[in-house]
2 protein chains.
Amino acid sequence: MAEKKAFASKFIAAPGKKFSLAEHDPRDDSAFDDKDKTKEQLLKDAAAIDGLQDRLFAEGKRALLVVLQGIDCSGKDGTVRAVFNASGPLGVTVKSFGVPSEVERAHDYLWRVHQACPAKGYIGVFNRSHYEDVLVVRVEKLAAADAIERRYDEINAFEKLVANSGTRILKFMLHVSKEEQAARLQERVDDPTKQWKFKAGDLATRAKWADYMAAYETAISRCSTEHAPWHIIPADRNWARNAAIARIVREALEEMNPQYPLPKDWDPKAVKIL
Amino acid sequence: MAEKKAFASKFIAAPGKKFSLAEHDPRDDSAFDDKDKTKEQLLKDAAAIDGLQDRLFAEGKRALLVVLQGIDCSGKDGTVRAVFNASGPLGVTVKSFGVPSEVERAHDYLWRVHQACPAKGYIGVFNRSHYEDVLVVRVEKLAAADAIERRYDEINAFEKLVANSGTRILKFMLHVSKEEQAARLQERVDDPTKQWKFKAGDLATRAKWADYMAAYETAISRCSTEHAPWHIIPADRNWARNAAIARIVREALEEMNPQYPLPKDWDPKAVKIL
């Protein structure tokens, strides 16, 4: 277990410290020995997550929230598939946060997020999240500067509430390089089965790469906490990205160690099925 | 395709006809040649469903609603895993309908059901459904007889609305024998990892087996329609149950034939990624 915790700690942005992306190489795969072995381990980890989720559901007291953030083409969808398809849609919910609807905009920015938090027993995945409210909103100046400035503390307080109520929170920044994004965007443009994912606005966002990275650094610096740590995941290599996240999720669930409950108001030996 | 449609038709309860469960053997596996080949085919069908769901999502115009109904231990959860884990939680949502909450009971019985219908692009699975409102509610007399009597027409009208709006509806009754249920309940009682699924009330429900089967016959007789057919799935053998449902779902999606959209307001050849 001590060795295992050391694994997640390789990726955690230290709470309370200024965080810099420059220290993180998107192609870093030093956490893994060998690509083939790592892919095998991913399958084992995904299967273990499935078994642990069953126990989490049976116990019915706690939940796990996985936040996936990353720029276009950083591999959020692929991560969900690699890490959570073994568990499947029965015990895992995925909420994608797009541009807020009119109803959502009529409420505070955490209103729709709170509604999407996983119920006890479930793993909830956020595909983008409330962090968009200090990322795109900051870069594009979609809210007043002082309101955005308040959000970091508000988010920490909100996540503290959710964590205190029995939900373990793991946040992942999928860190891709600008070069790798270019290659992946080009693939979307060229592949008729992927063109639907491409929007002209994607290039406008890409043009503001430095602004987005600065916004990520601020968000991670101010919102990586003991109760909701940010993990920085090198994401240029899909296999390393998937394996890292699967292993961190597995470890967190093992640490939570959910238990099948004992029969409470009935005795298995006394049951007669007629 | 003609041959394929013949497959689903083996299981459909003919619309407008009186339906009798006595004509359906829960152990019937005559739709399949060979158990091992069928299991291989299931994997292929589940993978094909995944690919079709991607197209459904890309197209963004239609949805698929899969209703799973069956008595305790009929294998609803196992069906979700076998048929939809390949697609995963990204494109498939599962809604389990339990005893209505206080808020839900303050609305009409279809209110919570409507909210859970899948959005365009998604496959939505109902694990139990509004049919509980003419099954357990009828057997246990939880609503006035004339109100229950009205529900069959109300359900048909509701499903018609949903179908008219672009959602294909497939309803499956997982048909297990009383003997097989006994064996599965006993397994739940004996296995410490399954005891949490067992409730004393399960035996009370089992004691009313004939009443429940009569309620199913009425619901299926009155609510198997062209726009939302009931399929009767022999469910004593898990492999035959999973394979039948996967193949029917695959065929329906193939018939819907969702298409990747062409680029609308941009030209792939003109895009330059800087």
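Residues numbered from 1 in each chain as written. Chains lettered and ligands numbered in written order. Predicted model: local features only at pLDDT ≥ 70, side-chain atom pairs only at ≥ 80, totals over all residues. Heavy atoms only, no water.

Participant: Would you mind going over the sheet that holds strand β1 (residues 63-69) of chain A with me for this structure?
Facilitator: Strand pairing in a sheet is mediated by backbone hydrogen bonds. Such pairs are either parallel or antiparallel. All names here are of chain A. Pairing is parallel across the open sheet formed by 5 strands, whose spatial order is β2-β3-β1-β4-β5. The open sheet has two free edges, formed respectively by β2 (92-96) and β5 (230-234), since each of these has just one partner strand. Geometrically, the sheet is characterised by an average inter-axis angle of 20° between neighbouring strands, direction not taken into account. (Pairing = 2+ DSSP bridges. Helix = DSSP H or I, 4+ residues; strand = E, 2+ residues; numbered from the N terminus. Axes fitted to C-alpha atoms, helices over the stretch in contact; angles between N-to-C directions.)

Participant: Could you clarify how one ought to interpret the relation of the copies chain B and chain A in this entry?
Facilitator: Copy one and copy two of the chain differ by a rotation about a common axis and a shift along it. Its rotation angle being 180°, the transformation that places chain B on chain A also includes 0.0 Å of axial translation and leaves an RMSD of 0.0 Å. The superposition operator between the copies reduces to a two-fold rotation axis. Closest to the rotation axis within chain B is the C-alpha of P89(B), separated from it by 2.1 Å. Same-surface contact between copies: 100% of interface residues of chain B are shared with the interface of chain A. (Least-squares fit on C-alpha atoms with pLDDT ≥ 70 in both. Contact = heavy atoms within 4.5 Å.)

Participant: Help me out: how do you make sense of helix α8 (residues 178-190) of chain A in this one?
Facilitator: Counting along an α-helix, one turn takes 3.6 residues, and residues three or four places apart therefore face a common direction. Residue and element names in this part refer to chain A. Under the 1.5 Å per step criterion, the end-to-end length of α8 is 18 Å for 13 residues, consistent within 8% with the ideal 18 Å. Taken as a whole, α8 has its buried residues at E180, Q181, A182, R184, L185, R188 and V189. Buried-residue contacts for α8 involve α9 (201-207), α10 (209-223) and α11 (238-256). (Expected span 1.5 Å × (residues − 1). Buried < 20%, exposed > 50% of the residue type's maximum accessible area, 1.4 Å probe, protein only.)

Participant: Can you walk me through the packing of aromatic side chains in this structure?
Facilitator: Any aromatic ring pair is given by two values, namely how distant the centres are and how the planes are angled relative to each other. Throughout the structure, instances matching the rule amount to 16 aromatic pairs over all chains. A ring pair is formed by F97(A) and F126(A), whose centres lie 5.0 Å apart and whose planes are at 80°; its orientation type is edge-to-face. Taken together, the residues F97(A) in the loop between β2 and α4 (102-105) and F126(A) in strand β3 (residues 123-127) connect sequence positions 29 residues apart. The two residues F97(A) and F126(A) agree in class, both being buried. A connected cluster of aromatic rings, assembled from ring pairs, spans F7(A), F11(A), F32(A) and W239(A). Directly above the ring of F97(B) sits K95(B), whose terminal nitrogen or CZ lies 5.6 Å from the centroid. Directly above the aromatic system of Y109(B) lies the positively charged group of R151(B), at a separation of 4.2 Å from the ring centroid. (Phe/Tyr/Trp six-rings, centres within 6.5 Å; stacked < 30°, edge-to-face > 60°. Lys NZ or Arg CZ within 6 Å of the ring centre and 35° of its normal.)

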